[in-house]
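Listed below are the residues making up each chain.
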Amino acid sequence: MSTRSLLSSKSTPSLWGLVAKHAVWLPVFVGVTAAFAGRKNHTATLVIAVVLLAAHLIQAVSLLPGVCCGPKTGTYPLLTGVLLQAAVRLSSVAAAVVFGWTASSASRRRGWQGPVALVFLAVVALRSLYPLVRRWWDVRQTRAALGQRRGSAATSTDVSILTYNMQSGEGMDGVYDLARTAGVIRDSGADLVALQEIDRYCRVDCYNKPIDPVRSQDDQPAKLAELTGLQHVAFMSKTTEFGGEYGCAILSRFPIVETRKLTYESWELHGSNLFYGPLKQVALAVRVQPPSLARGLWFVCTHLGCDASGFEQLYQLQELDDFLRGFALDSHVVVCGDFNTFPGSPCLNYASLCGYHDAWQVSAKRSGSTKLPSPINPFYGATRPSNSPKVRLDYVLFRGEGLCCRQCEVIATQASDHLPVTAVLSGPSA
């Protein structure tokens, strides 16, 4: 897919909307801040404004395909992306503080300008608080939908989901042990399992190094189905460059009625992987018919790219949403996998706008990989690395009338470099 075709596709309104958010909002913010600043505060205001404007403009430029994350130049380092996000947030807070300070002094000197400045500051504050309000509202709606079922035992309307980047069965100890991986899946009690980084008969790894001889003889999807008792299997390969097939798989307790496959096109515009260059990513969708969901359920396993700016993941989720709208509008939909992006990223914000709920965020009951819950512990719910979780990269997203999340858990295990995430979704009561 060319840059021109991407910009003229269905993704265009969202892409240019994000550019406009950075390019239009901030000059207005900076201009109004400077206008109300007193003489003594001009230096501090302008320093904050320059940092704020520079950080956001860099982000705006990074939205343009091929600029910061093209296949030839590669992505800018992950640390740079993290520092850029931190600069935006810290400078926004600092600018708001300076703005409030100057507004209060302006209210004493200039009469009407003070109240106007304070109203503007209130708008900025509300914009910053929106994610927290949305989280509170989603939890409230979920708990209301669960009603008396909250905290009760599992019912026939429940469907248990598991997503797991299994690193081809290799644990943090460097040992290939597919039986260990199967044990994690089996112990979770999941009805539907989405597996990423799963292969069939691969002979080398992503660094072109020979792999365990036992692994090279394994058809991992088939073997895991046998070991877990989840006999209905779907597999999609995204590459054969490792001497076999490497991609995503789904294990299901329910018969698979239909299978759809998507290979993302936007990967061509990015240095898709921070470690070993561009790699195609895919989405595997199966339709199953759990007894409690009359309209059926489309269950999707995907693995998104590793662009440090997060916008490759955004483009891919847009592709996936367009793909699903072609056949799954009237069904319940669950999308899960390794998204390689952080909470609050453009990718997940877009998913929220499309009506998807993050199971971890809206669950009535959560159990993380660490002992202290959020907000005391910022790493609560993190899924990678499995021996010391610091970031949440793995998600279960769902949408559909009457569908809500009873429970979500990050399972502690070192059978892979990621931790598996399990969610119990409750369908409409009969």
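Position numbers for residues start from 1 in each chain and track the written sequence from start to end. Restriction of local features to residues with pLDDT of at least 70 applies here, the model being predicted, together with a cutoff of 80 or more for giving and counting side-chain atom pairs; totals for whole chains, interfaces and linings are based on all residues. Values shown for side chains rest on all heavy atoms present in the structure; no hydrogens or waters enter the calculation.

Glancing now at the packing of aromatic side chains. Only Phe, Tyr and Trp rings are paired, with Trp represented by its six-membered ring, and only when their centres lie within 6.5 Å; those with planes under 30 degrees apart are stacked, over 60 edge-to-face, the remainder tilted. Scanning the model with the defined rule gives four aromatic pairs in all. A centroid spacing of 5.2 Å and a plane angle of 80 degrees characterise the contact between Phe-242 and Tyr-246, whose relative ring orientation is edge-to-face. As far as the burial class goes, Phe-242 and Tyr-246 line up, both buried. Taken together, the aromatic side chains of Trp-298, Phe-323 and Phe-327 make up a single cluster linked through ring pairs. Ring-over charges, as used throughout, are those where CZ of Arg or NZ of Lys falls within 6 Å of the ring centre and within 35 degrees of the ring normal. In this structure, Arg-260 packs its charged tip against the face of Phe-327, placed 4.3 Å from the ring centre. Exposure is judged per residue with a 1.4 Å probe applied to protein chains only, and the accessible area is read against the type maximum: over 50% gives exposed, under 20% gives buried, and values in between give partly exposed.

Our next topic: the side chain of Ser-426. Helix and strand definitions here come from DSSP, where helices need a minimum of 4 consecutive H or I residues and strands a minimum of 2 consecutive E residues; each element is numbered from the N-terminal end. Among the secondary structure elements, Ser-426 is positioned in strand 13 (residues 421-426). A polar side-chain atom of Ser-426 sits 3.5 Å from a polar atom in the side chain of Asp-158. Counted as a polar contact is a pair of N or O atoms within 3.5 Å, where, for protein atoms, one must be capable of donating a hydrogen and the other of accepting one, and residues adjacent in sequence contribute only when both atoms are in side chains.

Turning our eyes to something else, we now look at helix 8 (residues 220-228). The set of residues buried in helix 8 consists of Gln-220, Pro-221, Leu-224, Ala-225 and Thr-228. Looking down the long axis of helix 8, one finds its buried residues gathered within 135 degrees of arc, a one-sided arrangement. On its buried face, helix 8 sits against helix 6 (178-188), strand 2 (192-200), helix 7 (213-216), strand 3 (232-239) and strand 4 (245-252). Following helix 8 by one or two positions, Gly-229 adopts a phi angle in the positive range, close to 85 degrees. The arc in question is traced by the directions running from the helix axis to the C-beta atoms. Any two residues having at least one pair of non-hydrogen atoms within 4.5 Å are treated as being in contact.

Now for helix 6. Since the α-helix advances by 3.6 residues per turn, residues separated by three or four positions end up pointing in the same direction. Regarding helix 6, the residues found buried are Leu-178, Thr-181, Ala-182, Gly-183, Val-184, Ile-185 and Ser-188. On its buried face, helix 6 sits against strand 1 (158-165), strand 2 and helix 8. For helix 6, the N-terminal cap is Asp-177; the gap from its side-chain oxygen to the backbone nitrogen of Ala-179 is 3.2 Å. Gly-189, located one to two residues past helix 6, shows a positive phi value of around 70 degrees.

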